[in-house]
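Observations on the three-dimensional arrangement
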Amino acid sequence: MVDNLKISKGNNYKKVLETIFYLVLASPALFLLINNYPKFLVISFLVVMLISLIFFFKKRVITSYHAKILGLLLIIYLYLIFSFLLSNQRFIDLFKYSFLRNDGNFFFCYIMFFVLAVPFFNYKRLSNVYFKFLFIVFCGFSLFAVFELLSKVSVFTIRMKYNTDDIFVALNFAHNATGSVYAMVSLFALVFLLKEKTIKYKFVYLVVFIICVAGLFFTKSRGSYTGFAAGLVFILWMHFRSVKKFLIALGALIICFIPVVYLTGTWNRILQIFDFKEVNTAARFTYWAKAWYLFTKSPIFGIGFGRQNDIFPVLYDKLKGIPGLFAFYLHPAYFFNDSQAHNSYVQFLAETGVIGLGLLLLFWVLCFGILIRAYNSKHSSDFGKKIYLCGLGSIVALFMLSFTENYMSATTVMSCISIVNSLAIGLAWQENARRLNFTAISE
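For the structure given in this document, a descriptive report is provided here. (Residues numbered from 1 in each chain as written. Predicted model: local features only at pLDDT ≥ 70, side-chain atom pairs only at ≥ 80, totals over all residues. Heavy atoms only, no water.)

Okay, the overall build of the protein next. A count of helices and strands for the protein gives 16 helices and four strands. Relative to the 2.2 N^0.38 estimate, which gives 22 Å for 443 residues, the radius of gyration of the protein is 23 Å and therefore close to what a compact globule would have. Principal-axis analysis of the C-alpha atoms gives the protein an extent of 85 × 55 × 45 Å. For the protein, the residues scored as buried account for 53% of the 443 residues in total. Taking all contacts inside the protein whose residues are at least 6 apart in sequence as the whole, residues at least 24 apart take part in 77%. Of the roughly 20700 Å² of accessible surface on the protein, 71% is carried by carbon and sulfur atoms. Of the charged side chains in the protein, 41 are positive and 18 negative; the average position of the first set lies 7 Å away from that of the second. (Helix = DSSP H or I, 4+ residues; strand = E, 2+ residues; numbered from the N terminus. Rg over C-alpha atoms; globule rule 2.2 N^0.38 Å. Buried < 20%, exposed > 50% of the residue type's maximum accessible area, 1.4 Å probe, protein only. Contact = heavy atoms within 4.5 Å. Areas by Shrake-Rupley, 256 points an atom, 1.4 Å probe, with all protein chains shown as cover. Lys, Arg positive; Asp, Glu negative; His and termini not counted. Charge placed at Lys NZ, Arg CZ, Asp CG, Glu CD.)

In this model, helix H11 (residues 243–264) (22 residues) spans 31 Å end to end at C-alpha, consistent with the 32 Å of a helix rising 1.5 Å per residue. Of all the bends in H11, the greatest reaches close to 25° and is centred on phenylalanine 257; the proline proline 259 follows between one and four positions later. Of all the positions in H11, only Phe246, Ala249, Leu250, Leu253, Phe257, Val260, Val261 and Thr264 are classed as buried. Glycine 265 sits one or two positions beyond H11 and adopts a positive phi of about 65°. (Expected span 1.5 Å × (residues − 1). Bend = angle between axes of the 7 residues up to and from the residue.)

Attention shifts here to the packing of aromatic side chains. The full count for this structure, using the stated rule, is 50 aromatic pairs. Pairing phenylalanine 228 with phenylalanine 257 gives two aromatic rings, centres 6.0 Å apart and planes at 55°, and the pair type is tilted. Of the two residues, phenylalanine 228 is situated in helix H10 (residues 222–240) and phenylalanine 257 in helix H11; the sequence distance between them amounts to 29 residues. Residue phenylalanine 228 shares its accessibility class with phenylalanine 257, and that shared class is buried. A cation over an aromatic ring shows up here: lysine 385 above the ring of tyrosine 375, its NZ or CZ 5.0 Å from the ring centre. (Phe/Tyr/Trp six-rings, centres within 6.5 Å; stacked < 30°, edge-to-face > 60°. Lys NZ or Arg CZ within 6 Å of the ring centre and 35° of its normal.)

The next subject is the packing of helix H7 (residues 123–151) against helix H9 (residues 199–218). How two helices pack is summed up by the angle between their axes together with the distance between the axes. Contact geometry of H7 with H9 gives a least axis separation of 9 Å together with a crossing angle of 55°. The angle between the axes of H7 and H9 places the two elements in the oblique class. The interaxial crossing formed by H7 with H9 has left-handed handedness. Contact residues: H7 offers Phe135, Phe138, Cys139, Ser142, Leu143, Val146 and Leu149, while H9 offers Tyr205, Val208, Ile211, Cys212, Gly215 and Phe218. Among the residues forming the contact of H7 with H9, the class breakdown is eleven nonpolar, two polar and no charged. (Axes fitted to C-alpha atoms, helices over the stretch in contact; angles between N-to-C directions. Parallel < 35°, antiparallel > 145°, perpendicular 65-115°, else oblique. Left-handed = near helix turned anticlockwise from the far one by under 90°. Nonpolar A, V, L, I, M, F, W, Y, C, P; charged D, E, K, R; others polar.)

All told, the structure shown has seven salt bridges when counted by the stated rule. Measuring nitrogen to oxygen at the nearest pair gives 3.3 Å for the salt bridge that ties arginine 125 to glutamate 18. In this pair, arginine 125 sits in helix H7 while glutamate 18 sits in helix H1 (residues 2–25), placing the two residues 107 residues apart along the sequence. Where lysine 96 meets aspartate 93, a salt bridge forms, and the shortest distance between an N and an O atom there is 3.2 Å. The partly exposed category is assigned to lysine 96, whose relative accessible area is 34%. Classification of aspartate 93 as buried rests on a relative accessible area of 0%. (Salt bridge = Lys/Arg side-chain N within 4 Å of Asp/Glu carboxyl O.)

Even without glycine at this site, arginine 60 takes up a positive phi of about 50°. With respect to the helices and strands, the residue arginine 60 is situated in the loop between helix H2 (39–59) and helix H3 (64–86). Residue arginine 60 is classed as exposed on the basis of its relative accessible area of 61%. Phi at arginine 241 is positive, roughly 50°, even though this residue is not glycine.

Right under this line is the structure:
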């Protein structure tokens, strides 16, 4: 009996440690809405990276599914560094916080694809904890925003009187950052709602979905609305695979959105999506024109990674090379700030040319291919299909979002998307490995 008691205590102690372990690994989900205090997200990333490195050096293995994409991602990293140095920027600046937070945040955003490639944990369990964290945190912030809006007391989540409207920013610097990640979490909640088979939990995810969508609308971020709409249409189609059911579900959601749109006061912002003369929209056309002009001067390699915000029209004659083929901006003046082309496609074309953008798009196509095969597999678990569809929907939404901001390098939303897709890819590998092992044992 004493031995049994010791074993029981040992098992309980082990379970507590495992719980803490997974909570730590999922902790980046807690800090997506507080980029005014970026050290929290950075520290959580560093902790997870350290744990991953320890296990990697111990076992020296990554999943075979991650191996299919990490080689390409490493090539992208090296290409961006090469482009950075070739445009006469200093090697030491690659390690500056101001660079990694602004011009070079791509390196930080995608690092989780490497970190979570090491199979030192159960992908299903970590995915479960990570999504629970997301839903709890984002619902909490949304509800607090409702309280602030109703009480007319701005404590910290609401920025008052923005273009005559109050906007929800949480603890982020910009409403677009908040809106983009709320678009993603709202899509995740929709997937869990559609795929859940238990009535009790369906109701829970319905509530989570409504609260997160309200938070999304409160941000007044038009680009986030379009990204959410694209992801929603894709998710509904992938779930139903029937024109009739798809249209019925889409119509039902639109009807449900009407009171949410009315209560959040976002109707005018939605209409402004189609107003190309609106100040912010008109400004974007100017940013895109500049980036496109720089691309035409150096279409193959771009003018240099991180250089788009360093050059102004009066300095266009400083481009060195063969204009129309390749030309780099070599002037030794560097501005590490959040200025960008407000469009990922022209941003990467301007700075890295067709090669840089092509490599990045190919990376996401490969991720999409892994997940679509896993989602369509008859051997995938119900939980697995949830995570795979979350990853797929986030990629579709990202491609739409990226027309209005450089979201493919945006820390807040890309931190979320990178983790979700890396977890989904790991889970696909894990489920396939277990199936093959079971098949081998059966035979």
